[in-house]
Amino acid sequence: MGSEQQTRRAARLRRHRRLRKRVHGVPERPRLCVYRSARYIYAQLIDDDAGRTLVQASDLEPSLREGGGETKVERARAVGELVAKRAREAGHEAVVFDRGGFSYKGRVRALAEAAREEGLVF
């Protein structure tokens, strides 16, 4: 890794730690955590009190690999819809959004908006 990559990653981790001081998932309102790599995007609902992942989705799943979309933003939208659908099936309507230190634009925004459209309340 080059020094610029280390600096960017360190800055994201600092933002993430700063956000996590205020964002905490409880059983009634779990945390919707988003991780975005250069190629894929992952989302999971976490109950921080129990330290458990309740539901998860990513664009690595076979159902999304085939028909999830052509661009990364379209795949992120599909992941948002899928995680929201699974959350509602598990009985979770309201969540706390954790963007993981990433900017709220592009794929992170597409995932969040798709989850809202599917019925999750942030």
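No experiment lies behind these values; they were computed from the predicted model shown.

Reading the values: the criteria
Residues numbered from 1 in each chain as written. Predicted model: local features only at pLDDT ≥ 70, side-chain atom pairs only at ≥ 80, totals over all residues. Heavy atoms only, no water. Helix = DSSP H or I, 4+ residues; strand = E, 2+ residues; numbered from the N terminus. Expected span 1.5 Å × (residues − 1). Buried < 20%, exposed > 50% of the residue type's maximum accessible area, 1.4 Å probe, protein only. Contact = heavy atoms within 4.5 Å. Phe/Tyr/Trp six-rings, centres within 6.5 Å; stacked < 30°, edge-to-face > 60°. Lys NZ or Arg CZ within 6 Å of the ring centre and 35° of its normal. Pairing = 2+ DSSP bridges. Axes fitted to C-alpha atoms, helices over the stretch in contact; angles between N-to-C directions. Core = buried A, V, L, I, M, F, W, Y, C linked by side-chain atoms within 4.5 Å.

A.B. asks: Explain helix α3 (residues 72–89) to me, please; I cannot follow it from the model alone.
C.D. replies: For α3, which comprises 18 residues, the first-to-last C-alpha distance of 26 Å matches the rise-based estimate of 26 Å (1.5 Å per residue) to within 8%. Inspection of α3 places Arg75, Ala76, Ala78, Val79, Gly80, Leu82, Val83, Ala84 and Ala87 among the buried residues, and these make up the whole buried set. Residues of α3 that are buried make contact with β1 (31–36), β2 (41–47), β3 (52–58), α2 (62–67) and α4 (106–117). Positive backbone phi, approximately 95°, marks glycine 91, located one or two places after α3.

A.B. asks: Got a minute to help me understand the packing of aromatic side chains in this structure?
C.D. replies: The geometry of two aromatic rings is summed up by the distance between their centres and the angle between their planes. Enumeration over the complete set of coordinates arrives at four aromatic pairs. Where phenylalanine 97 meets tyrosine 104, the ring centres are 6.1 Å apart and the plane angle is 85°; that geometry is what we call edge-to-face. The exposure class of phenylalanine 97 is buried, given its relative accessible area of 17%. Counting every residue linked through ring pairs, the aromatic cluster contains Tyr35, Tyr42 and Phe102. Geometry around phenylalanine 122 places arginine 116 over its ring, the cationic atom sitting 4.3 Å from the centre.

A.B. asks: Teacher, can you tell me more about the sheet that holds strand β4 (residues 96–98) here?
C.D. replies: Strands pair in a sheet through their backbones, by hydrogen bonds, and they do so in one of two ways: parallel or antiparallel. A sheet is described by the order of its strands in space; here four strands give the open sequence β3-β2-β1-β4, paired in mixed fashion. Of all the strands in the sheet, the pair left with one neighbour each is β3 and β4. Pairs of neighbouring strands in the sheet enclose a mean axial angle of 20°, with direction left out of account. One ladder, built from six bridges, connects β2 with β3; its direction is antiparallel. Residue pairing across strands places alanine 43 opposite alanine 57, the latter belonging to β3. Across the sheet, α4 lies against β1, β2 and β4, angled at about 150° from β1, the strand it touches most.

A.B. asks: For this particular structure, what's the right way to read the nonpolar core?
C.D. replies: Within soluble globular proteins, side chains that are nonpolar tend to cluster in buried spots. Ranked by size, the top nonpolar core spans 24 residues in total, and within it Leu32, Leu45, Val79 and Val83 carry the most contacts. Within the residue set of this core, elements represented by two or more residues are β1, β2, β3, α3 and α4. Per element, the largest residue contribution to this core is seven residues, and it comes from α3. Setting aside residues up to four positions removed in sequence, leucine 45 forms contacts with Pro30, Arg31, Leu32, Arg52, Thr53, Leu54, Val55, Val83, Ala87, His92 and Val95.

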